[in-house]
Amino acid sequence: MTDEVRLPRKLSEEPEAPKPLRESHRKVIEQLERWANSPGLQPPRTRDEKAI
């Protein structure tokens, strides 16, 4: 076992994502984010758990 543990980088240390080169790429990224955040894909919650 090693004595040193490498932690993942913080988001603030991550390089910025390149800007989409084409307008269609930007639209796909927006649609993907909207789809991934849709209520149907969110993990189930218990009844007493509050929505964020």
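Our subject is the structure that appears above.
Trainee: Would you take a moment to explain the overall build of the protein for this structure?
Mentor: In terms of helices and strands, the protein carries 1 helix and 0 strands. For the protein, the accessible area works out to roughly 6200 Å², and carbon and sulfur atoms hold 56% of it.

Trainee: Quick question: what am I supposed to make of a nonpolar patch on the surface here?
Mentor: Together, Leu 32, Trp 35 and Leu 41 make up a nonpolar patch on the protein surface, roughly 340 Å² of accessible area in all. Here Leu 32 is to be found in helix 1 (residues 23–36).

Trainee: Quick question: what am I supposed to make of the pattern of salt bridges here?
Mentor: Two side chains with opposite charge may pair up if their charged atoms get near one another. All told, the structure shown has 2 salt bridges when counted by the stated rule. The salt bridge partner of Glu 23 is Arg 26, with a shortest N-O separation of 2.2 Å. Linking Glu 23 with Arg 26, this pair stays in helix 1, spanning 3 residues, or about one helical turn. Taking the shortest distance from any N to any O, the salt bridge between Arg 26 and Glu 30 comes out at 2.6 Å.

Trainee: Help me out: how do you make sense of the environment of Ser 38 in this one?
Mentor: Inspection of the secondary structure puts Ser 38 in the segment after helix 1. One polar contact links the side chain of Ser 38 to the main-chain carbonyl oxygen of Trp 35, over a distance of 2.8 Å.

So, how was this worked out
- Residues numbered from 1 in each chain as written.
- Predicted model: local features only at pLDDT ≥ 70, side-chain atom pairs only at ≥ 80, totals over all residues.
- Heavy atoms only, no water.
- Helix = DSSP H or I, 4+ residues; strand = E, 2+ residues; numbered from the N terminus.
- Areas by Shrake-Rupley, 256 points an atom, 1.4 Å probe, with all protein chains shown as cover.
- Patch = residues over 30% accessible without salt bridge, like charges linked within 9 Å, V, L, I, M, F, W, Y side chains within 5 Å.
- Salt bridge = Lys/Arg side-chain N within 4 Å of Asp/Glu carboxyl O.
- Polar contact = N/O pair within 3.5 Å; in protein donor to acceptor, adjacent residues only side chain to side chain.

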